[in-house]
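Structure assessment
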Amino acid sequence: MVNSVAISLRGLTRRFGDVVAVDAIDLDVLDGEFLSLLGPSGSGKTTVLRMIAGFERPDAGTIELAGTDVTMTAPYARDVNTVFQDYALFPHMTVAENVQYGLRVKKVAKGERVERARAALTAVRLAGYEDRKPAQLSGGQRQRVALARALVNRPKVLLLDEPLGALDLKLREQMQVELKEIQREVGITFVFVTHDQDEALTMSDRIVVINEGRIEQLGTPTEVYEHPATAFVAGFVGISNLLDPVTAEQVIGRPGTWSVRPEKIHVHLSGEPAPAGHHHLSGTVREVIYVGMSTRFVVDLPAGGSLMAVRQNSEGSTDLGHLRGQCVNLSWDQRYEYQVSN
Amino acid sequence: MTTVELAPPKGGFGYRHPRARLVALLGAPMSWLIVIYLGSLAALFLTAFWTVDGFTGALVRTFTLENFVDVFTTPAYLWVMARTVGIAVTVTILCLLLAVPVAYFMARVASKRWQPLLVAMILTPLWASYLVKAYAWRAMLSPQTGVIAWFVAPLGIGGPGFGIFGIIVTLTYLWLPYMILPVYAGFSRLPDSMLDASADLGAKGWRTFRSVVVPLIFPAIVAGSIFTFSLSLGDYITAQIVGGKVQMLGNVVQQNYVTNLPFAAAFAVIPVLIVLIYLAAVRRTGALDNL
């Protein structure tokens, strides 16, 4: 199935004084996909979102929504809606009034307005909260009202600016799943800004990793995680596990900087040989960190640098603190090593 | 090995006696408020129910409603009340119309560097004496020799002269900063995302202003209006300086307090009542909840 393009950015640039916040970004967002803009704070991801919404005017480049150039169109005339980081619910309106606001502005008849608002609130599991004021809701409920207020307008694209950032961990994980479900139900294109790699990996169809105003990598969660294109992506998505050129030359036999994900590295406790097709090296265990489901080993390499290896605590002894300071063998399947550019 | 039991150090006097701490904090201001402030108000109310002996001019300390009957049945006095309330309302509306764009510019358009400077500029006139400013307006408004008269003379018309127009212009000039500052604070507190959200949901500027901005800065507007309204209501010096023959509530009080203190007191109760009614009305809107 070939998806048509919902948003098309070409050479999109935004400067704040001398700082180039967004540096000539080209990006196509496909119809109906859940796309995450992932990057550290200050990377320009929110600025990209704000330019798509129309709150910021680009200094250069164009924005097309469903094939129409909207670069100079005001926010109120763009068929996108935004869920804000602080939710931006109107405190003087009830939940129902907040959700109906966009429809009222567009002069939708009262009966339809009420009906659509009720449907939207039901979709975010907040039926019955119509008459509350935002101040009477919890953070998670406010977040859902903000979502309903945006979705009720049936926009072509929904923009979400770190909407889960203010929630505690449990609620955030629950909302991640719910958001993804809602997106599948309504079939609207979601552009989701986050600095949380787990969030991006959990929810996205595709991830755009942004750093310093440029796109570092665009790909599915699996591609971005298992085949990071740059050292930045390798470090930002997941735990950075870089083999410097010297070590790489010794172990892999090829030049350049290489990387292996921690969970792909086996720690050989009993000194058995590495299986065929595996690269291996030995090092000294510096740290053993027990994190419940798994145990993390930080292993110092003889030629400098260190690797992290993760071992699932599914079998055998899980009390491995005694390995600290000992020499262990590490190995990994050659298929899981990849070269990164700097 | 011996262990020495050390008692934990005791807290200070204030720590052990939290009530004493409260008295130390609030003693002076509360006695001021109760004795001087409420005391003088109580004296005012009490005096309003007394009378003056017509022959001797001595105070007669017997309870009577005579003064209030006088105040509310004499058409001239009722006109003074109506005129004063009218002036106060007009001044408040003018201050509001001028303050909202200025405060909006200060809080949301001007750069962060300029904001403190603009606030200082708004505050500067408050350093000048009230009398100086009122007399400055006398010089502006004076019928033949005034600046305005001189300015419009080539058009073949005379200046506004002294009167109700002069009072309104001067009071608006005097109290404008008291409206600008709270409204500015209201605009500053308004999160950008509110305006973005409204635009995002399809609202153009005017709609956002009406449905989002005004309701959210309404408490600030009310705060400002309490200043401009009550300050205008109690003013009599401006009326003396630029009012010509026009009298306000305060002028009646001022003219009577030597010869008939109880009547002046009864008249002075009226602006107090009007302000209380105004505050009660404002309270009903819920605007005082967030002050």
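This structure is a prediction, so every number in the text was calculated from the model and none was measured. (Residues numbered from 1 in each chain as written. Chains lettered and ligands numbered in written order. Predicted model: local features only at pLDDT ≥ 70, side-chain atom pairs only at ≥ 80, totals over all residues.)

1. A look at the overall build of chain B
As a reminder, the rule being used: Elements are defined by DSSP. Helices are runs of H or I of four residues or more, strands are runs of E of two residues or more, and each kind is numbered from the N terminus. Based on C-alpha atoms, the radius of gyration is set beside the globule rule, defined as 2.2 Å times the residue count to the power 0.38. Working definition of burial: number of other C-beta atoms within 10 Å of the residue's own, with buried at 20 or more, exposed at 12 or fewer, and partly exposed in between, all C-beta atoms being placed from the backbone. C-beta atoms are placed from the backbone for every residue, and two residues are taken to be in contact when these atoms lie within 7 Å.
Check the secondary structure of chain B and you find 13 helices and 2 strands. Relative to the globule expectation of 19 Å for 291 residues, the C-alpha radius of gyration of chain B, 26 Å, shows a markedly less compact shape. Each of the three principal axes of chain B carries a C-alpha extent, and together these read 100 × 65 × 35 Å. For chain B, with 291 residues in total, the buried portion stands at 32%. Summarising the internal contacts of chain B: among those between residues at least 6 apart in sequence, 68% fall at separations of at least 24.

2. Structural notes on the interface of chain B and chain A
Test applied: Ten residue types, Ala, Val, Leu, Ile, Met, Phe, Trp, Tyr, Cys and Pro, are classed as nonpolar, four, Asp, Glu, Lys and Arg, as charged, and the remainder, Gly among them, as polar.
Listed by partner, the interface residues are 15 residues for chain B and 16 residues for chain A. Of all the secondary structure elements, the ones that give two or more residues to the side of chain B that touches chain A are helix 9 (192–200) and helix 10 (205–233) of chain B. Among the elements that line the side of chain B that touches chain A, the one with the most residues is helix 9 of chain B, at 6 residues. Looking at side-chain class alone, the side of chain B that touches chain A contains 9 nonpolar, 2 polar and 4 charged residues.

3. Things to note about the packing of helix 12 (residues 249–256) of chain B against helix 13 (residues 261–284) of chain B
Residues and elements named next belong to chain B. Formally: Axis definition: a line fitted to C-alpha atoms, over the contacting stretch in the case of helices. Angles run 0 to 180 degrees between N-to-C directions. The cut-offs work like this: below 35 degrees is roughly parallel, past 145 is roughly antiparallel, 65 to 115 is roughly perpendicular, and the gaps in between are oblique. Note: crossing handedness is left-handed where the near helix turns anticlockwise from the far helix by less than a right angle, and right-handed where it turns clockwise.
Contact geometry for helix 12 and helix 13: axes closest at 8 Å, N-to-C directions at 160°. By the angle between their axes, helix 12 is roughly antiparallel relative to helix 13. Crossing angle aside, the handedness with which helix 12 passes helix 13 is left-handed. In this structure, helix 12 uses Leu249, Val252, Val253 and Asn256 to contact helix 13, whose residues at the interface are Phe263, Ala264, Phe267, Ala268, Ile270 and Pro271. Tallied by class, the residues present in the contact of helix 12 with helix 13 amount to 9 nonpolar, 1 polar and no charged.

4. Quick word on the domain arrangement of chain A
Residues and elements named next belong to chain A. Put simply, the rule reads: Each domain's extent is set by a domain assignment, obtained either automatically or from a database.
By domain assignment, chain A separates into domain 1 (5–236) and domain 2 (242–340). Each of domain 1 and domain 2 was reduced to a C-alpha centroid, and the two centroids are 39 Å apart. On the side of domain 2, 5 residues touch domain 1, which itself brings 5 residues to the contact. Partitioning the side of domain 1 that touches domain 2 into residue classes produces 3 nonpolar, 2 polar and no charged.

5. A word on the environment of Ile93 of chain B
You can see Ile93 of chain B is positioned in helix 4 (residues 75–109). The sequence separation of Ile93 of chain B and Tyr257 of chain B amounts to 164 residues, and the corresponding C-alpha distance is 31 Å.

6. Side note on helix 2 (residues 95–105) of chain A
All names here are of chain A. Every buried residue belonging to helix 2 is among Val95, Asn98, Val99, Gln100, Tyr101, Gly102 and Leu103, and all of these are buried. The elements touched by buried residues of helix 2 are helix 3 (110–123) and helix 4 (139–151). Looking at the residues trailing helix 2, positive phi occurs at Lys107, about 60°.

7. Brief notes about the pairing of strand 15 (residues 294–300) of chain A
Residue and element names in this part refer to chain A. Just so we agree on the cut-off: What makes two strands pair is DSSP finding at least two bridges between them.
Across the two faces of strand 15 the burial differs, with Thr295, Phe297 and Val299 buried and Ser294, Arg296, Val298 and Asp300 not buried at all. The sheet contact formed by strand 14 (residues 278–290) and strand 15 spans 6 bridges and is antiparallel. If you follow Ile289 over to strand 15, its bridge partner there is Arg296. Connecting strand 14 to the antiparallel partner strand 15 that follows it, the hairpin turn spans 3 residues, and Gly292 within it adopts a positive phi of roughly 85°. Where strand 15 lies against strand 16 (residues 306–312), 7 bridges are found, and the strand directions are antiparallel. Across the sheet, the residue bridging to Arg296 is Val310, located in strand 16. Counted along the chain from strand 15 to the antiparallel partner strand 16, the turn is 5 residues long, and its residue Gly304 has a positive phi close to 100°.

8. Topic: the sheet that holds strand 16 of chain A
The strands that make up a sheet pair up through hydrogen bonds in the backbone, lying either parallel or antiparallel. Residues and elements named next belong to chain A. With antiparallel pairing, 5 strands are arranged side by side in an open sheet as 13-17-14-15-16. Either end of the sheet is taken by a strand with one partner, and the two such strands are strand 13 (266–268) and strand 16. Direction aside, the axes of adjacent strands within the sheet are offset by 45° on average. Examined bridge by bridge, strand 13 and strand 17 (residues 327–333) share 3 bridges and lie antiparallel to one another.

9. What to know about the sheet that holds strand 6 (residues 80–83) of chain A
Residue and element names in this part refer to chain A. The strand order 6-7-8-3-9-10 describes an open sheet built from 6 strands, whose pairing is mixed. Every other strand in the sheet has two partners, leaving strand 6 and strand 10 (214–219) as the edge strands with one partner each. Adjacent strand axes in the sheet meet at a mean angle of 20°, parallel and antiparallel pairs treated alike. In the sheet, strand 6 pairs with strand 7 (residues 157–161) via 4 bridges, with the strands oriented parallel. Paired with Thr82 across the two strands is Leu159, which belongs to strand 7. Sitting on the sheet, helix 4 touches strand 6 and strand 7, and the angle it makes with strand 6 is about 175°.

10. Observations concerning the nonpolar core
Inclusion rule: The nonpolar core criterion groups buried Ala, Val, Leu, Ile, Met, Phe, Trp, Tyr and Cys residues into a set whenever they are joined through C-beta atoms within 7 Å.
In terms of nonpolar packing, the biggest core is built from 132 residues, with Ile52, Ala148 and Val191 of chain A together with Val183 of chain B touching the most fellow members. Residue contributions to this core peak at 13 residues, all from helix 8 (residues 164–189) of chain B. Those residues in contact with Ala148 of chain A, other than ones at most four positions away along the chain, are Val99, Ala120, Leu121, Ala123, Val124 and Leu126 of chain A. If you look at the next biggest cluster of nonpolar residues, it comprises 15 residues, including Ala248, Val260, Phe297 and Leu307 of chain A.

11. As for the confidence of the model for chain B
Put simply, the test is: Confidence of the predictor at the level of single residues is given by pLDDT, which spans 0 to 100.
Scored by pLDDT, chain B comes out at a mean of 89, with 97% of its residues at no less than 70. With a pTM of 0.79, the predicted complex shows an ipTM of 0.81.

12. Focus: unusual backbone geometry
All names here are of chain A. Not every positive phi belongs to a glycine, and Lys107 is a case in point at roughly 60°. Unusually for a residue other than glycine, Arg154 sits at a positive phi of about 45°. The residue Arg154 is located in the loop between helix 4 and strand 7 in this model.

13. Description of the environment of Pro29 of chain B
Residue and element names in this part refer to chain B. Within the fold, Pro29 resides in helix 2 (residues 18–48). Pro29 gets classed as exposed once you count the C-beta atoms within 10 Å, which come to 9. Spatially, the C-alpha atoms of Pro29 and Ala268 are 25 Å apart, while their sequence positions differ by 239 residues.

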